[in-house]
Amino acid sequence: PGRGPGRVQGCLLDLPWEDILVPHVLCHLPLPQLLRLQRVSKAFQSLVQLFLANMRCFDSSKIGPAIPRAAFVNLMKDNEVLHQLVLQNCSDWLTDRELLPVIGQNHHLQQIQLKGCAQLSRHALVAISLSCPNLRRLSLAHCEWVDSLSLRSLADHCKALEAVDLTACRQLKDEAICYLAQKCGKLKSVSLAVNANVGDGAVEEIAKCCPELEHLDLTGCLRVKNDSIRVLAEYCPKLRSLKVKHCHNVAESSLSILRGRGVELDVEPPLQRALVLLQDVVGFAPFINLQI
């Protein structure tokens, strides 16, 4: 007796909110369920708002591809403790108007992913630079609004940066990337893929200024040549992977140094490549010693 839905709800809400419900119960519920829970009663609405205000990580993909603008603003309005913000491919609804207030009140952000958020502007990156001094990882892949001035702002203010993805940020040229490398010497992972403006100057500056570099993606950087790959081999002893597919001016003569060190490369050695093609054509691989 007396154990109906209302009583169970009362028992749950009687538990300590900040010590039990928020850190140990609500954290296991998917965001869509939390949003539905808000509608149960005013008490549950307050509980969910407390959880949202203390949330360390927000990932839009956990809700769905298109969040209504008003819903995002409501979810984030009281939160000042975010460490991670993931808003990938939100170009249908995300603009500076929604993002800037969230960035402005969250000074503890360490990881931000804005891949494919095409409706933002350079003001978003400037806001990140000014509000997030502890930023470690930033993805701006396919954000063609990123320009050299906003990247310089990032370099000036986010010197703890360890990973940056600038894939297809086609406004960027060597000069801006050199400035980033000079200011952010702790970089371990950099992607400059799909940018025909990137040349040897940017790669050499990254090599000389970022001795901790482990991963570099130069896919489709048509102006990159052997010289900068040799500099990379000389200055980056911790390099673990290098992507140079479709870099037609990069040859095995420079890659062999890295290959010999066990660096993971996304292009096969010429002999291996020839054997694979031959096998495709004639249906078998000749007995050739691949160690030659």
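Per chain, residue numbering runs from 1 following the sequence as it is written. Note on the predicted model: pLDDT of at least 70 is required for a residue's local features to be given, and 80 or more for side-chain atom pairs to be given and counted; whole-chain, interface and lining totals, by contrast, use all residues. Where side-chain values are given, they derive from all heavy atoms of the structure, hydrogens and water being excluded.

Undergrad: For the overall build of the chain, give the residues involved together with the corresponding values.
TA: Here a strand is any run of E in DSSP of at least two residues, a helix any run of H or I of at least four, and the numbering for each starts at the N terminus. In terms of helices and strands, the chain carries 13 helices and nine strands. Only protein chains enter the calculation, and the probe is 1.4 Å; a residue is then buried if its accessible area is under 20% of its type maximum, exposed if over 50%, and partly exposed in between. Relative to its 292 residues, the chain shows a buried fraction of 44%. Values of accessible area rely on a 1.4 Å probe in the Shrake-Rupley scheme; residue burial ignores everything except the protein chains shown. With the model as given, the accessible surface of the chain reaches about 14800 Å², and the carbon-plus-sulfur share is 53%.

Undergrad: Residues and numbers for unusual backbone geometry, please.
TA: A negative phi holds for most residues other than glycine; trans holds for most peptide bonds. Even without being a glycine, valine 194 presents a positive backbone phi close to 55 degrees. Along the polypeptide, valine 194 turns up in the loop between strand 6 (189–191) and helix 10 (200–209). Since its relative accessible area comes to 34%, valine 194 is described here as partly exposed. A positive phi angle is found at histidine 246, which is not glycine, with a value near 70 degrees. Looking at the secondary structure, you find histidine 246 in the loop between strand 8 (241–243) and helix 12 (252–260).

Undergrad: Got a sec to walk through the environment of arginine 230? Specific residues and values, please.
TA: Of note, arginine 230 is situated in helix 11 (residues 226–235). For arginine 230, a relative accessible area of 35% puts it in the partly exposed group. With sequence-adjacent residues up to four places away left out, arginine 230 is seen in contact with Ser253, Ser254 and Ile257. For this analysis, residues touch if any pair of their heavy atoms sits within 4.5 Å.

Undergrad: Lay out the sheet that holds strand 9 (residues 264–265) in plain terms, naming residues and giving numbers.
TA: Strands were regarded as paired on the criterion that DSSP finds at least two bridges between them. Judged by pairing direction, the sheet is parallel, and its nine strands sit side by side in the order 1-2-3-4-5-6-7-8-9 without closing on themselves. Each edge of the open sheet is held by one strand with a lone partner, namely strand 1 (57–59) and strand 9. Taken together, the three bridges between strand 3 (residues 111–113) and strand 4 (residues 137–139) define a ladder with parallel strand orientation. Paired with glutamine 113 across the strands is serine 139, a residue of strand 4.

Undergrad: I'd like a description of the packing of helix 8 (residues 148–157) against helix 9 (residues 174–183), backed by residues and values.
TA: Between helix 8 and helix 9, whose axes approach to 9 Å, the crossing angle comes to 5 degrees. Taken together, the axes of helix 8 and helix 9 are roughly parallel relative to one another. Contact residues: Ser148, Leu151, Arg152, Leu154, Ala155 and Asp156 in helix 8; Glu175, Ala176, Ile177, Tyr179, Leu180 and Lys183 in helix 9. Under this grouping Gly is polar, as are all residues other than the nonpolar Ala, Val, Leu, Ile, Met, Phe, Trp, Tyr, Cys and Pro and the charged Asp, Glu, Lys and Arg. For the contact of helix 8 with helix 9, the residue count by class is seven nonpolar, one polar and four charged. Note on geometry: axes are C-alpha line fits, over the in-contact stretch for helices, and angles between N-to-C directions span 0 to 180 degrees. What sets the label is the angle itself: under 35 degrees gives roughly parallel, over 145 gives roughly antiparallel, 65 to 115 gives roughly perpendicular, and the rest give oblique.

Undergrad: Could you give me a rundown of the side chain of threonine 95, with the residues and numbers involved?
TA: Assignment of secondary structure puts threonine 95 in the loop between strand 2 (84–86) and helix 6 (96–104). When neighbours within four sequence positions are excluded, threonine 95 is seen to be in contact with Arg69, Gln119 and Leu120.

Undergrad: Run through the environment of glutamine 182, naming residues and quoting values.
TA: Tracing the backbone shows glutamine 182 in helix 9. Residues glutamine 182 and lysine 208 lie 26 residues apart in sequence; the distance between their C-alpha atoms is 8.8 Å. For glutamine 182, the residues in contact, after removing those within four places along its chain, are Glu205 and Cys209.

Undergrad: With reference to specific residues and values, describe the environment of serine 256.
TA: With respect to the helices and strands, the residue serine 256 is situated in helix 12. Here serine 256 falls in the partly exposed class, since its relative accessible area comes to 35%. Along the chain, serine 256 and proline 269 lie 13 residues apart, while their C-alpha atoms are 8.2 Å from each other.

Undergrad: Describe the pattern of salt bridges, naming the residues involved and giving the relevant values.
TA: The salt bridge definition used is simple: a Lys or Arg side-chain nitrogen within 4 Å of an Asp or Glu carboxyl oxygen. Summed over the entire model, instances satisfying the criterion amount to nine salt bridges. When the shortest N-O distance is used, the salt bridge between glutamate 98 and arginine 69 registers 3.5 Å. One end of the pair, glutamate 98, is in helix 6; the other, arginine 69, is in helix 5 (residues 69–76), and 29 residues separate them in sequence. Overall, arginine 69 belongs to the partly exposed group, its relative accessible area being 38%. Between aspartate 156 and lysine 183 there is a salt bridge, with the nearest N and O atoms lying 4.0 Å from each other.

Undergrad: Describe in detail the packing of aromatic side chains, supporting the description with residues and values.
TA: Each aromatic pair joins two rings of Phe, Tyr and Trp (for Trp, the six-membered one) with centres within 6.5 Å, and gets the label stacked for planes under 30 degrees apart, edge-to-face for over 60, and tilted for any other angle. For the coordinates displayed, the defined rule picks out two aromatic pairs. Three or more aromatic residues joined by ring pairs make a cluster, and in this case those are Phe58, Phe72 and Trp93. Ring-over charges, as used throughout, are those where CZ of Arg or NZ of Lys falls within 6 Å of the ring centre and within 35 degrees of the ring normal. The ring of tyrosine 179 has arginine 152 sitting right over it, with the charged end atom 3.8 Å from the ring centre.

Undergrad: Please provide a residue-by-residue account of the packing of helix 11 against helix 12, values included.
TA: Running from N to C, helix 11 and helix 12 point in directions that differ by 15 degrees, and their axes come no closer than 8 Å. Comparing their axes, helix 12 and helix 11 come out roughly parallel. Classified by chirality, the crossing of helix 12 by helix 11 is left-handed. Contact with helix 11, carried on its side by Asn226, Ile229, Arg230 and Ala233, involves Ser253, Ser254, Leu255, Ile257 and Leu258 of helix 12 and no other residues of that element. Handedness of each helix crossing follows the sense of rotation of the near helix against the far helix: counterclockwise by less than a right angle gives left-handed, clockwise gives right-handed.

Shape descriptors only; they carry no functional weight alone.
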